[in-house]
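Results of the structural survey
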Amino acid sequence: MKPLAIIGGRIVDPAGALIEGGILVVDRRIAAIGHFDLPAEASVIEAKGALVAPGLVDLGAFAIDMRAFAAGGITRAALMPDQSPPLDNSALVQRAAAAGKPDVWIHPLAAATRGLEGHELAEIGLMKAAGACAVATGRGWIADSGVMHRLLSYAGALGITVISHAEDAGLTAHAVATSGETATRLGLASAPAIAEAMAVARDLALVEDTGARLHFRQVTTARALDLIRAAKLRGLPVTCGISPAHLFLSDMAVTGFRTFARLSPPLRDEADRLACLAAIADGTIDVICSAHDPQGPEAKRLPFADAEPGMAGAETLLALSLGLVRDHLIDLSRLFALLSFNPARLLGIPGGTLAVGAEADLILVDPDAPWRIDADRMAGAAGNTPFDSLPVQGRVLRTIKGGQPVG
Amino acid sequence: MPDAAAPRPSPDRPVDHVFPHRHLTGIYGLKPWEISFLLDEAEQWVALNRGRTKHDDRLAGLTQINAFFENSTRTLLSFEIAGKRLGADVVNMAVAQSSVKKGETLIDTAVTLNAMRADVIVIRHEASGAVQLIADKVDCPVLNAGDGRHEHPTQALLDALTIRRRKGRIEGLTVAICGDVLHSRVARSNIIALTALGATVRVVGPPTLIPAAIERMGVERFTDFDAGLEGADVVMMLRLQRERMAGGFVPSPREYHALYGLTPERLARAAPDALVMHPGPMNRGVEIASSVADDVERSAITEQVEMGVAVRMACLDVLTRGRRGVEGWA
């Protein structure tokens with residue numbers, strides 16, 4: 001393989017500030033950063049002032065959607081175990097892990113319980129050996145505290161992180177929205193937002209007891225974020241994530257029975273949305289994920305309560321998140337920590353950094369390029385975005401995985 | 001919907017009024033004078049229906065499809081009679097006979113009804129928002145006959161007409177809507193209609209059956225039945241579904257009746273001439289005592305049914321004026 005040189009860019013590294021210059025890739029790895037002697041045989045990409053950043057590491061996609069990942073600058077995606085059948089044995093994990101290579105690497109998350117039913121532990125140890133980098137409870141919370149306690153002790157001993165969905169199942173039974181004015185006006189079955197804090201509170205108590213590492217995939221309410229903030233201060237091994245939907249939309253987006261805004265957890269009220277932004281700024285939130293869950297019209301063109309939850313999020317992840325930098329909530333290096341470095345460390349996989357010797361997973365980004373999100377023109381499997389027709393800024397120009405252009 | 005055709009914002013209906021909505025999917029979105037316009041239109045049908053020849057041919061040649069995805073006897077019958085009295089060819093599609101049971105999607109059903117060239121479609125469905133979904137896919141006017149917990153606009157119109165005829169006005173009255181507000185599309189449509197027309201609206205019921213943030217719809221919330229009834233001019237009782245009485249939302253029908261059942265003693269707390277209403281069908285002895293329901297002085301329950309036919313005739317007439325080429329409406 002010929003060396004690849006990217007020149008004339010601005011290099012973003014989660015560890016530091018912007019560096020003017022380029023990156024030299026030799027044998028799939030970063031050989032030099034900044035200014036270097038261009039090897040005669042190298043192929044050259046002119047960045048023309050574009051940002052050169054680590055490829056995004058997406059913690060929690062529900063589908064292997066290569067075109068969406070490539071368009072969104074995602075070079076590694078953790079695949080949720082909610083597949084058909086669920087990823088609850090080592091053969092399925094192995095197959096999923098091989099699905100994306102060489103373009104985008106898929107890192108399967110092992111189902112925490114058999115069939116994701118929340119009752120019996122799945123073969124976590126064997127799935128870890130087969131390539132699972134974490135275990136996940138899937139779309140649902142494990143309602144049985146005994147099962148969750150055993151899961152955390154067992155996974156903790158194996159040194160593997162548990163990724164949990166946090167919504168108390170008793171409160172959220174049949175609910176399709178957050179209780180409040182919008183759900184009341186529309187006549188939608190709803191659950192109080194406190195369902196999230198209740199689930200988080202129990203799981204934090206179990207973390208305290210077992211010492212196991214726990215990541216809440218999406219935390220979306222002020223009260224739950226307060227609990228996590230306090231737990232981190234006490235030194236508990238806890239992290240949490242969020243998707244751009246909960247940062248930029250409130251439950252008002254559901255008005256008109258818009259099924260593209262039917263999400264899990266559901267959109268919250270404006271006060272909770274603002275608390276999520278504050279938690280991004282103060283570091284309580286560690287990860288921004290796409291929650292990518294492409295759903296076609298057969299799952300979305302239905303009465304609201306009958307539609308499947310979920311949104312196509314991979315392609316819009318970076319452009320929407322760049323809004324946080326434009327609003328001066330965080331700087332670029334912190335943004336890429338949230339989108340790339342943190343999720344990679346959390347999963348214990350390579351990526352998220354542009355250090356010499358690291359695997360050359362990187363993207364070229366024009367952070368100012370304007371475009372309009374269009375549900376009818378998405379590159380991925382489906383266009384179910386709640387951000388349809390929103391103007392955004394920030395385009396992924398190139399996605400490079402292991403030194404090879406993707407897409 | 002374009003507001004350009006709307007008249008100047010005055011409670012007095014201008015002569016050249018045009019109802020600017022293609023469908024009637026809910027009371028939400030209607031302006032106060034548009035609601036009053038429909039009530040005014042209904043008055044002529046009350047008169048006709050009380051005469052010997054209950055017939056008018058203005059909808060002759062038009063096809064009205066009543067697509068009821070949820071069981072209903074009274075509302076379906078009311079819409080059928082309304083359509084027939086206006087001369088329309090009325091076809092009923094009941095869920096038991098439909099292909100919905102075979103897995104056809106709602107959109108496909110809508111497209112099918114549309115292809116049969118219906119001139120007006122009346123829809124009831126158990127899912128909130130389902131009627132809007134269909135209305136977006138068909139070329140003819142759609143009338144919502146109840147969608148989930150969302151809206152039941154003709155019920156609110158018939159209730160408003162009943163109140164207006166019995167009390168002479170709606171503005172300034174205090175209306176207590178009592179019972180299972182959480183699951184009630186009747187309550188939601190009535191809250192929007194009555195507050196728009198200037199009434200003070202209270203919702204009264206057990207806290208488990210009052211939806212969150214209901215105050216944001218411009219109503220007062222009461223969990224004490226007696227306090228909620230105090231001085232009310234209209235007491236509107238809601239039906240409590242059997243399956244919600246057995247411990248899920250209230251402990252038992254017996255306890256519900258003791259705490260939230262309308263009895264003559266309870267009614268004495270309301271205004272001396274308070275009107276009692278119920279959308280039916282009633283659970284006698286649960287939310288309402290028979291002696292109250294059957295009190296001809298106080299109860300407007302049978303009158304509500306009568307007004308239902310008139311209001312539905314008005315809606316069918318107004319919504320089809322465009323396609324009938326009525327002058328000023330085409």
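Everything quoted here is computed from the prediction, not taken from an experiment. (Residues numbered from 1 in each chain as written. Chains lettered and ligands numbered in written order. Predicted model: local features only at pLDDT ≥ 70, side-chain atom pairs only at ≥ 80, totals over all residues. Heavy atoms only, no water.)

1. Re the nonpolar core
The criterion, for reference: In this description, a nonpolar core means a group of buried Ala, Val, Leu, Ile, Met, Phe, Trp, Tyr and Cys residues linked to one another through side-chain atoms lying within 4.5 Å. Residue burial is assigned from relative accessible area. The probe radius is 1.4 Å, only protein chains are included, and a residue is buried under 20% of its type maximum, exposed over 50%, and partly exposed in between. Segments assigned H or I by DSSP are reported as helices when at least four residues long, segments assigned E as strands when at least two residues long, and all are numbered from the N terminus.
By size, the foremost hydrophobic cluster in this structure holds 76 residues, and its most contacted members are Phe216, Ile280, Ile288, Leu318, Leu335 and Phe336 of chain A. When residues of this core are assigned to their parent elements, the largest contribution, 6 residues, is made by helix H7 (residues 194-210) of chain A. Listed in part, the 68 residues of the second largest apolar core include Trp45, Leu157, Ile163 and Ile191 of chain B.

2. What about the layout of surface pockets?
For the record, the criterion: With a 1 Å grid spanning the protein atoms alone, the term cavity applies to any set of points in which a 1.4 Å probe fits but cannot get out, the term pocket to an open set with protein on both sides within 12 Å along at least five of seven lines, and the term lining residue to any residue with an atom within 4 Å of a point. Grid points are joined across faces, edges and corners, and a volume is the space filled by probe spheres set on the points. Basically, the charged four are Asp, Glu, Lys and Arg, the nonpolar ten are Ala, Val, Leu, Ile, Met, Phe, Trp, Tyr, Cys and Pro, and anything else, Gly included, counts as polar. Source of the domain bounds: an automatic or database domain assignment.
Here the second largest pocket is characterised by a volume of approximately 630 Å³. Lining the second largest pocket are 28 residues; nearest its centre among them are Thr25, Tyr28, Gly29, Gln132 and His150 of chain B. Elements with a minimum of two residues in the lining of the second largest pocket: helix H6 (181-186) of chain A together with helix H4 (130-135), strand E4 (142-147) and helix H6 (185-196) of chain B. Its residues placed into classes, the lining of the second largest pocket shows 10 nonpolar, 11 polar and 7 charged. Each of two domains, domain 1 (23-152 + 307-322) and domain 2 (153-300) of chain B, supplies a minimum of three residues to the lining of the second largest pocket.

3. Considerations on the side chain of Thr75 of chain A
All names here are of chain A. Cut-off, in case you're wondering: A contact between two residues is defined here by any heavy atoms of the two lying within 4.5 Å.
Along the chain, the position of Thr75 falls in strand E7 (residues 74-79). Its relative accessible area of 1% is what places Thr75 among the buried residues. Setting aside residues no more than four positions away along its own chain, Thr75 makes contact with Gly55, Leu56, Val104, Trp105, Asp361, Thr399, Ile400 and Lys401.

4. Observations concerning the packing of aromatic side chains
Residue and element names in this part refer to chain B. As a reminder of what qualifies: Pairing of aromatic side chains here covers Phe, Tyr and the six-membered ring of Trp, requires ring centres within 6.5 Å, and sorts the geometry by plane angle: under 30 degrees stacked, over 60 edge-to-face, intermediate tilted.
All told, the structure shown has 4 aromatic pairs over all chains when counted by the stated rule. A ring pair is formed by Phe37 and Trp329, whose centres lie 6.0 Å apart and whose planes are at 20°; its orientation type is stacked. You can see Phe37 sitting in helix H1 (residues 32-50) and its partner Trp329 sitting in the segment after helix H11 (301-324), a full 292 residues away along the chain. Both residues of the pair, Phe37 and Trp329, belong to the buried class. Residues Phe225 and Tyr260 carry aromatic rings whose centres are separated by 6.0 Å and whose planes lie at 50° to one another, so their mutual orientation is tilted.

5. Quick word on the sheet that holds strand E2 (residues 89-94) of chain B
Residues and elements named next belong to chain B. What counts, and what does not: At least two DSSP bridges between two strands are needed for those strands to be called paired. Fitting a line to C-alpha atoms yields each axis, with helices limited to the stretch in contact; the angle taken between N-to-C directions then spans 0 to 180 degrees.
In space, the 4 strands of this open sheet follow the order E2-E1-E3-E4, with parallel pairing throughout. Among the strands making up the open sheet, the edge pair consists of E2 and E4. With direction set aside, neighbouring strand axes in the sheet form an average angle of 10°. As paired elements, strand E1 (residues 63-68) and strand E3 (residues 120-125) share 5 bridges and run parallel to each other. Counted as the bridge partner of Gln64 is Val120 from E3.

6. Some words on the UniProt feature "binding site: carbamoyl phosphate" (unreviewed entry) in chain B
All names here are of chain B. To be explicit about the condition: UniProt positions are given in the numbering used here, feature names are shortened, and annotations may be inferred rather than shown by experiment.
Within the UniProt annotation, "binding site: carbamoyl phosphate" (unreviewed entry) is assigned to Arg74, Thr75, Arg124, His152, Gln155, Gly280 and Pro281. Among the structural elements, His152 can be located in the loop between E4 and helix H5 (153-167). Ignoring anything within four residues of it in the chain, the contact list for His152 reads Thr75, Arg124, Ala145, Gly146, Arg185, Val186, Ser189 and Arg312. Within the secondary structure, Gln155 sits in helix H5. Gln155 sits in the buried class, given a relative accessible area of 7%.

7. Thoughts on empty space enclosed by the protein
Residue and element names in this part refer to chain A. Tallying each qualifying case throughout the model produces 2 cavities of 30 Å³ or more. Within this model, the largest cavity holds a volume of roughly 40 Å³. Around the largest cavity, the lining residues are Ala177, Thr178, Thr182, Ala183, Leu188, Asp251 and Val254. For the lining of the largest cavity, the secondary-structure elements that each account for two or more residues are strand E11 (177-178) and H6.

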